[in-house]
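Residue-level structure breakdown
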Amino acid sequence: MSEFEALQFELTELLLGDDSDAPFTWSQNALQEGIGPLDFFNHVFTPAIAAVGDKFGRLDIFLPELIDAAERAKAISEQLVKPLLAEQGGGGEPRGKVVICSVQGDLHDIGKNMVALMLQVNGFDVVDLGIDVPVRTVLDRAREENADIVGLSSLMTTSMPYMKEVIELRDGFGLKEDFAVIVGGAPITPEYSAQIGADAFGRDAIEAVSECIALMKARNS
Ligand code: B1M
């Protein structure tokens, strides 16, 4: 078992344990002991909360435990990891403007918030519309904000089709040249992204940044 795997198992246990403060304190210690915030987020935090999700999927735990673990996880992400990553941001001219949200029907935002932060840290101007954003609102806000890119996050098979609706509506309104669409989220694959006509797909926050940089290069060339 790798060092990251061992830590990931430990965090999963703490997210589901009796002591609600323990996962936060444990994560604080792990970060102080020298794991970089990005390594911690990608290789410890994300797999740990995914393992909680797997337990929920197998009915080993139930909704109250999932909600509890999610609250603990969100505190770690927002209060520990994000401030550390935000410190690494640079100034300068924005690379472009991204309007981002969790799509209609989807209340999951831990991953979307991380993507938004990493885009900001890497020089994008980011407008975060939040969660459960209706298809039409995405289009309206993208136009109002004069967005270069719209980022859509979906964590559920039931909300994925709204990504397709955003793209169909954009193209139907003749706005394809106005802004590109990047999609991502745990159930999204490159195949699905291509199938619905998205301009890019990001597997994680880092890939979302490199894909948005590539989209801006293509737009400016
Ligand atoms: Co929910 N949930 N949940 N949940 N939840 C999942 C998604 C699920 C897979 C769990 C399971 O059953 N195994 C399942 C969906 C099954 C399906 O698709 N059919 C599920 C379910 C069923 C539900 C409810 C219906 C449960 C219920 O009420 N009965 C309900 C639905 C609410 C709704 O949205 N309408 C629900 C509720 C919740 C909580 C509120 C308790 C909580 C969310 C809290 C919050 O976000 N504020 C929650 C959580 C935490 C999860 C799991 C366990 C973890 C999600 C997460 O935060 N991961 C999840 C299981 C899983 O994903 N394996 C699950 C960590 C995060 C860092 O990763 O979000 O994947 P992720 O983001 C990554 C990448 O995906 C990517 O980059 C991020 C950073 O690396 N990425 C992008 C994300 N967006 C991107 C956008 C991009 C590019 C990359 O470009 C724009």
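Here the structure is shown first, and the text comes after it.
In this text the structure is predicted, and so the values were computed from the model without any measurement. (Residues numbered from 1 in each chain as written. Predicted model: local features only at pLDDT ≥ 70, side-chain atom pairs only at ≥ 80, totals over all residues. Heavy atoms only, no water.)

You can see D109 is positioned in the loop between β1 (97–102) and α5 (110–121). Looking at D109, the relative accessible area reads 15%, which means it is buried. For D109, the residues in contact, after removing those within four places along its chain, are K74, S102 and I131. (Helix = DSSP H or I, 4+ residues; strand = E, 2+ residues; numbered from the N terminus. Buried < 20%, exposed > 50% of the residue type's maximum accessible area, 1.4 Å probe, protein only. Contact = heavy atoms within 4.5 Å.)

On the surface, F56, L63 and I67 cluster together into a nonpolar patch covering about 250 Å² of accessible area. Assignment of secondary structure puts I67 in helix α4 (residues 63–86). (Patch = residues over 30% accessible without salt bridge, like charges linked within 9 Å, V, L, I, M, F, W, Y side chains within 5 Å. Areas by Shrake-Rupley, 256 points an atom, 1.4 Å probe, with all protein chains shown as cover. Salt bridge = Lys/Arg side-chain N within 4 Å of Asp/Glu carboxyl O.)

So, about the site of the ligand. As a structural note, the neighbourhood of the ligand is formed by 36 residues, with G53, L107, H108, D109 and S153 the closest of them. In the environment of the ligand, a nitrogen atom lies 2.8 Å from a nitrogen or oxygen atom belonging to the backbone of G53. One nitrogen or oxygen atom from the side chain of H108 is found 2.8 Å from a nitrogen atom belonging to the ligand. Counting atoms within 2 Å of the grid points, the majority share of the ligand lands in the largest pocket. At the level of elements, α3 (37–57), α4, α5, β3 (149–153), β4 (180–184) and α9 (205–220) are the ones that each hand at least two residues to the shell around the ligand. Considering each element in turn, the shell around the ligand owes the most residues, 7 residues, to α3. Residues that form the shell around the ligand fall into these classes: 19 nonpolar, 12 polar and 5 charged. (Near = heavy atom within 4 Å. Polar contact = N/O pair within 3.5 Å; in protein donor to acceptor, adjacent residues only side chain to side chain. 1 Å grid on protein atoms, 1.4 Å probe; cavity = no way out; pocket = protein on both sides within 12 Å on 5 of 7 lines; lining within 4 Å. Sits in = over half its atoms within 2 Å of the grid points. Nonpolar A, V, L, I, M, F, W, Y, C, P; charged D, E, K, R; others polar.)

Contact geometry of α4 with α5 gives a least axis separation of 11 Å together with a crossing angle of 5 degrees. Classified by the interaxial angle, the pair formed by α4 and α5 is roughly parallel. On α5, the residues touching A70, A73, K74, S77, E78, V81, K82, L85 and A86 of α4 are I110, N113, M114, L117, M118 and V121. A breakdown of the residues in the contact of α4 with α5 according to their chemical character gives 10 nonpolar, 2 polar and 3 charged. (Axes fitted to C-alpha atoms, helices over the stretch in contact; angles between N-to-C directions. Parallel < 35°, antiparallel > 145°, perpendicular 65-115°, else oblique.)

What follows covers helix α7 (residues 161–172). With 12 residues, α7 should reach 16 Å at 1.5 Å per residue; the first-to-last C-alpha distance of 16 Å fits that figure. Among all positions in α7, only M163, V166, I167 and R170 are buried. In an axial view of α7, the angular spread of the buried residues amounts to 90 degrees, which keeps them on one side of the axis. Buried residues belonging to α7 abut α6 (135–144), β3, β4 and α8 (190–195). At the C-terminal side of α7, G174 shows a positive phi close to 70 degrees. (Expected span 1.5 Å × (residues − 1). Arc of directions from axis to C-beta.)

Let us now look at the coordination of the cobalt atom of the ligand. Protein coordination of the cobalt atom of the ligand is limited to a single donor, H108 (NE2), positioned at 2.2 Å. With respect to the helices and strands, H108 occurs in the loop between β1 and α5. (Donors = N, O, S within 2.8 Å, 3.2 Å for Na, K, Ca; no water.)

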